[in-house]
Amino acid sequence: MSLPIAYTPITKLTAPWDGKSDKPCGNFEMDFLRCATRVGNIRAPVDCKMEMADFNECLTRSKQTERMRIMERERKRQGRPGIEPLGKDIPRRGY
C-alpha cells in the first residue's frame, strides 16, 4: 500500500487499483490513508498508529483468533462441548 500525495475525491475512486478499499477492510484502509495524508509519510507510523492497527487487525483477525482459542481452552477445561458451526443454519450455503 502506497500513500497518496494528497487525499482528494479521486483518491477514493482510484484506491481499488492499489489497495483493499473494495474489500471488507477498505474503510479501515481509507481511515489510515486519510490520517497519513494529513500528517505525511514520515509522521504516519507514529501519528496514525491506531488506524494502522485497526487495518492490520481487520486483515489478520489476530485478536479474534486469540479470543476463539481462549474460549475453546475454557470450554475444554470445563468439559463442555464445542459450539456447532453456524454454517449449518444457513440454507443457501448448501450445508
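Above: the structure in question.
For every chain, the first residue of the written sequence is number 1, and numbering continues from 1 onward in sequence order. With the structure being a predicted model, the display of local features is reserved for residues of pLDDT at least 70 and the display and counting of side-chain atom pairs for 80 or more, all residues being used for whole-chain, interface and lining totals. Values shown for side chains rest on all heavy atoms present in the structure; no hydrogens or waters enter the calculation.

Colleague: I'd like a description of the pattern of salt bridges, backed by residues and values.
Modeller: Where side chains of opposite charge bring their charged atoms close, a pairing between them can arise. The term salt bridge refers to a pairing of a side-chain nitrogen on Lys or Arg with a carboxyl oxygen on Asp or Glu at a separation within 4 Å. On inspection of all chains with the given rule, the structure shows six salt bridges. Linking Arg34 and Asp31 is a salt bridge whose minimum nitrogen-to-oxygen distance equals 3.0 Å. Here Arg34 pairs with Asp31, and both are found in helix α2 (residues 26-39), just three residues apart, close to one helical turn. Between Asp47 and Arg43 there is a salt bridge whose closest N-O contact spans 2.9 Å. Take Arg43: its relative accessible area is 42%, and that puts it in the partly exposed class. Within the structure, one salt-bridge network assembled from shared partners comprises Glu66, Arg69 and Arg73. Runs of E in the DSSP output that reach at least two residues are strands. Runs of H or I that reach at least four are helices, and both are numbered from the N terminus. Only protein chains enter the accessibility calculation, which uses a 1.4 Å probe; a residue whose area is less than 20% of its type maximum is buried, one above 50% is exposed, and one in between is partly exposed.

Structural measurements only, silent on function.
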